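Fold and contact review
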Amino acid sequence: MAHLQFRHVAKIYGKGVRAVDGLDFTIPHGEFTVIVGPSGCGKSTVLRMMAGLEDLTEGEFFMDGVVMNPVPPQKRETAMVFQSYALYPHLSVYGNMAFPLKLRKMPKDVIDRRVVDVARSLDLESLLQRMPRELSGGQRQRVALGRAMVREPKVFLFDEPLSNLDAKLRAETRIEIAQLHRRLKTNFVYVTHDQVEAVTMGEKIMVMKDGRLRQYATPGDLMRRPADCFVAGFIGTPPMNFLTMHIEQSKDGLYLTSGRLRIMATPGHVRRLVRYKKNEVIVGIRPKDLYLKRLRDDLKPDEDMQSMAGRFILKESLGDDVLYYLDVSPDFDKKQTMIVKDDAAADADAGEPLDVCVDAKKIYLFDADTEKAIPVQEEGVE
Ligand code: ADP
């Protein structure tokens with residue numbers, strides 16, 4: 001276990017590619033941390049800096065309070081598992097797993113014991129004499145994991161380790177890695193571009209974009225309290241719908257409007273908008289918080305459940321659920337599509353009017369300029 005800290009870290013490659021910038025975070029002992037973000041956002045760079053494979057251009061990396069910047073990779077108590085497995089083709093499974101220990105000149109009996117113990121725990125014991133080419137993709141991945149485990153590192157670093165596996169094996173290996181974490185209780189830092197993998201595996205998740213850390217939170221908090229539009233749109237499938245809406249004060253309350261759409265703000269929203277002085281706000285609505293009115297005779301529009309007019313574009317079946325793509329454009333110039341996730345199937349022709357209900361309590365509010373979440377105002381704070 002280790003306590004990992006980045007302080008003001010930046011990495012500049014070659015002549016000025018700022019791959020990551022202004023990174024400040026502390027990872028507590030034993031956490032399963034996932035770093036997620038689109039390709040090129042700097043995830044692997046962070047991992048490689050932890051492993052010592054890249055120097056930090058600015059800032060410091062501490063492990064258990066000790067600055068790691070000058071410590072070479074082989075002296076760090078980290079072990080990396082790569083997407084490509086990186087097994088030595090001319091060495092057997094045993095040879096691959098024993099390799100890092102031989103490098104450290106450990107006694108043969110200790111190496112033997114560790115390799116056999118780890119092989120047993122990963123169900124690789126019967127494969128120890130095989131060569132990598134005689135193994136399936138899943139078995140190779142387990143050998144790569146075993147080779148990291150024999151070193152008994154304080155921190156495991158995973159760089160997209162499941163990308164080369166098929167869907168079924170990926171799901172199985174995901175569970176194995178999660179179980180391994182529970183057993184070892186060491187730090188796991190796991191890089192992926194797949195947000196589903198991130199939320200199913202991580203205790204805490206770092207969402208990165210353009211070399212910056214946007215939010216570091218539990219999966220539940222990322223869903224419930226996304227820090228900005230990027231995080232809100234990146235975490236959750238299908239992605240959140242965003243609409244730029246006007247804020248209109250009328251006699252009977254505060255409304256959020258966009259052409260034909262009109263949502264009455266709840267008291268909670270009104271409180272949050274008290275100190276927001278702009279005329280427009282970005283409204284985020286998750287597809288699961290929208291309902292097709294036609295399918296829901298029981299939903300009576302009231303202050304919370306409000307309906308708006310849309311036109312059917314197409315639908316996509318997900319098995320249990322159906323995704324409806326609706327055109328809710330406020331006018332001809334401003335095209336706006338919305339995704340509705342409903343578990344009931346409706347037939348409609350393209351262009352047919354189809355109303356949607358939105359649960360006003362469930363909408364998210366973001367600053368129209370900065371795209372940051374508009375915070376909940378503390379009671380009694382002026
Ligand atoms: P990710 O893992 O999120 O896909 P990376 O950390 O690999 O992102 O890369 C972040 C940025 O740094 C990208 O723009 C990438 O092109 C650049 N980069 C990565 N490695 C190098 C390198 N060795 N030399 C120059 N630029 C690099």
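Relevant structure appears above.
Description of the structure in this document. (Residues numbered from 1 in each chain as written. Predicted model: local features only at pLDDT ≥ 70, side-chain atom pairs only at ≥ 80, totals over all residues. Heavy atoms only, no water.)

**Things to note about the sheet that holds strand β12 (residues 253–258)**
Here five strands make up an open sheet; going across it, the order is β13-β12-β11-β14-β20 and the pairing antiparallel. If you trace the sheet from one side to the other, it starts and ends with β13 (261–264) and β20 (364–367), each paired once. Within the sheet, the average angular offset between the axes of one strand and its neighbour, ignoring direction, is 40 degrees. Note: strand β11 (residues 241–250) against strand β14 (residues 280–285), six bridges, orientation antiparallel. The partner of His-246 across the bridge, within β14, is Glu-280. (Pairing = 2+ DSSP bridges. Helix = DSSP H or I, 4+ residues; strand = E, 2+ residues; numbered from the N terminus. Axes fitted to C-alpha atoms, helices over the stretch in contact; angles between N-to-C directions.)

**Considerations on the site of the ligand**
Tyr-13, Ala-19, Pro-38, Ser-39, Gly-40, Cys-41, Gly-42, Lys-43, Ser-44 and Thr-45 make up every residue found near the ligand. Contact between the ligand and Gly-40: an oxygen atom at 2.7 Å from a main-chain N or O atom of the residue. In the model, an oxygen atom of the ligand is placed 3.0 Å from a nitrogen or oxygen of the Gly-42 main chain. Broken down by element, the shell around the ligand gets its largest block of residues, three residues, from helix α1 (residues 43–51). (Near = heavy atom within 4 Å. Polar contact = N/O pair within 3.5 Å; in protein donor to acceptor, adjacent residues only side chain to side chain.)

**Concerning the side chain of His-269**
Among the structural elements, His-269 can be located in helix α9 (residues 267–273). Of the polar contacts made by the side chain of His-269, one reaches the backbone oxygen of Ala-360; its length is 3.5 Å. In this structure, His-269 is in contact with Ala-360, Ile-363 and Leu-365, ignoring residues within four places of it in sequence. (Contact = heavy atoms within 4.5 Å.)

**Thoughts on the pairing of strand β3 (residues 32–36)**
Burial of β3 is extensive: five of the five residues sit out of reach of the surface. Going residue by residue along β3, you find Phe-32, Val-34 and Val-36 tucked away on one face and Thr-33 and Ile-35 tucked away on the opposite face as well. Looking at chain direction, β3 and strand β8 (residues 187–192) are connected through five bridges and run parallel. Considered in β8, the bridge of Thr-33 is made with Val-189. Note: β3 against strand β9 (residues 204–209), four bridges, orientation parallel. (Buried < 20%, exposed > 50% of the residue type's maximum accessible area, 1.4 Å probe, protein only.)

Shape descriptors only; they carry no functional weight alone.
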